[in-house]
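Read off the chains here:
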Amino acid sequence: MKDSLQPGIELNQEVLTTAQMGVAHLGPGPGVLSTPSMIGLMEQTSLRAVMPHLDDNESTVGTMVHIWHRAAVKIGETVQVHAKLIERDRRKLLFEVKCTWGDTVVGDGTHERFVVDLSKFKK
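Just so we're clear, the structure is a prediction, and the values are computed from it rather than from any experiment. (Residues numbered from 1 in each chain as written. Predicted model: local features only at pLDDT ≥ 70, side-chain atom pairs only at ≥ 80, totals over all residues. Heavy atoms only, no water.)

A. Structural detail: the overall build of the chain. A tally of helices and strands in the chain yields one helix and five strands. Listed N to C, the secondary structure of the chain is β-α-β-β-β-β in terms of helices and strands. Along the first, second and third principal axes, the C-alpha set of the chain runs to 45 × 35 × 20 Å. Within the span of the chain, comprising 123 residues, buried residues form 37% of the whole. For the chain, the proportion of contacts with a sequence separation of at least 24, taken over those separated by at least 6, is 69%. Here the chain displays about 7,200 Å² of accessible surface, and carbon together with sulfur accounts for 52% of that area. (Helix = DSSP H or I, 4+ residues; strand = E, 2+ residues; numbered from the N terminus. Buried < 20%, exposed > 50% of the residue type's maximum accessible area, 1.4 Å probe, protein only. Contact = heavy atoms within 4.5 Å. Areas by Shrake-Rupley, 256 points an atom, 1.4 Å probe, with all protein chains shown as cover.)

B. Examining unusual backbone geometry more closely. Phi is positive for arginine 90, which is not a glycine, with a value near 55 degrees. Of note, arginine 90 is situated in the loop between β3 (78-89) and β4 (92-101). Arginine 90 sits in the exposed class, given a relative accessible area of 65%.

C. Looking closely at the pattern of salt bridges. Considering all chains together, one arrives at four salt bridges under this definition. With a shortest N-O distance of 2.6 Å, aspartate 108 and arginine 70 are connected by a salt bridge. Of this pair, aspartate 108 sits in strand β5 (residues 104-117) while arginine 70 sits in the loop between β2 (58-69) and β3, and the two are 38 residues apart along the sequence. Here aspartate 89 makes a salt bridge to arginine 90, at a shortest N to O gap of 3.6 Å. Using a relative accessible area of 34% as the deciding quantity, one classes aspartate 89 as partly exposed. (Salt bridge = Lys/Arg side-chain N within 4 Å of Asp/Glu carboxyl O.)

D. Fine view of helix α1 (residues 35-50). Its 16 residues place the ends of α1 23 Å apart at the C-alpha level, agreeing with the 22 Å of an ideal helix rising 1.5 Å per residue. Three or more residues of α1 are buried, namely Ser37, Met38, Ile39, Leu41, Met42, Thr45, Ser46, Ala49 and Val50. Against the buried residues of α1 lie β1 (10-16), β2, β3, β4 and β5. (Expected span 1.5 Å × (residues − 1).)

E. Molecular detail of the nonpolar core. Within the largest apolar cluster, 23 residues are counted, with the highest numbers of intra-cluster contacts made by Leu5 and Cys99. Every element with two or more residues in this core is listed here: α1, β3, β4 and β5. Sorting elements by how many residues they give to this core places α1 first, with five residues. Residues within four places of leucine 5 in sequence aside, it is in contact with Val50, His53, Leu54, Leu85, Arg88, Leu93 and Val115. (Core = buried A, V, L, I, M, F, W, Y, C linked by side-chain atoms within 4.5 Å.)

F. A look at the sheet that holds β5. The strand order across the open sheet formed by five strands is β1-β3-β4-β5-β2, and the pairing between neighbours is antiparallel. Two strands close off the open sheet at either side, each with one partner strand: β1 and β2. Shown here is a sheet whose adjacent strand axes are inclined to one another by a mean of 25 degrees, direction ignored. Pairing of β4 with β5 involves 10 bridges; the strand directions are antiparallel. (Pairing = 2+ DSSP bridges. Axes fitted to C-alpha atoms, helices over the stretch in contact; angles between N-to-C directions.)

G. Structural context of the side chain of arginine 113. You can see arginine 113 is positioned in strand β5. In this structure the side chain of arginine 113 is engaged in a polar contact, spanning 2.7 Å, whose partner is the side chain of threonine 60. For arginine 113, the contacting residues outside a window of four places in its chain are Glu43, Ser46, Leu47, Thr60, Val61, Gly62, Thr63, Arg91, Lys92, Leu93 and Phe95. (Polar contact = N/O pair within 3.5 Å; in protein donor to acceptor, adjacent residues only side chain to side chain.)

Pasting the structure below:
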């Protein structure tokens, strides 16, 4: 880990929602963004935020999500996903995450990730 891996790091991403991110059990129609897909976007944004601050042999893995899915958004709409590192305890990273559609908060909460040494997983 680089010394620059400190609270305050943040990233915003705009993501176009696709049919693969929808809720299949609602049947035909435009569909809405599923909770697992929204959480995946939050995880992805958190990872991308810290990647420049990790060594080449490192990545992060998700260890906890505490997320509220507050509003629906139709598939085909663009959402904004925000992740901010708010706490670091050695290899444990805690993020504040939010997904919005315009002024509407689609989901928010916290997400924990852990820095891992990828060289330990090579055969």
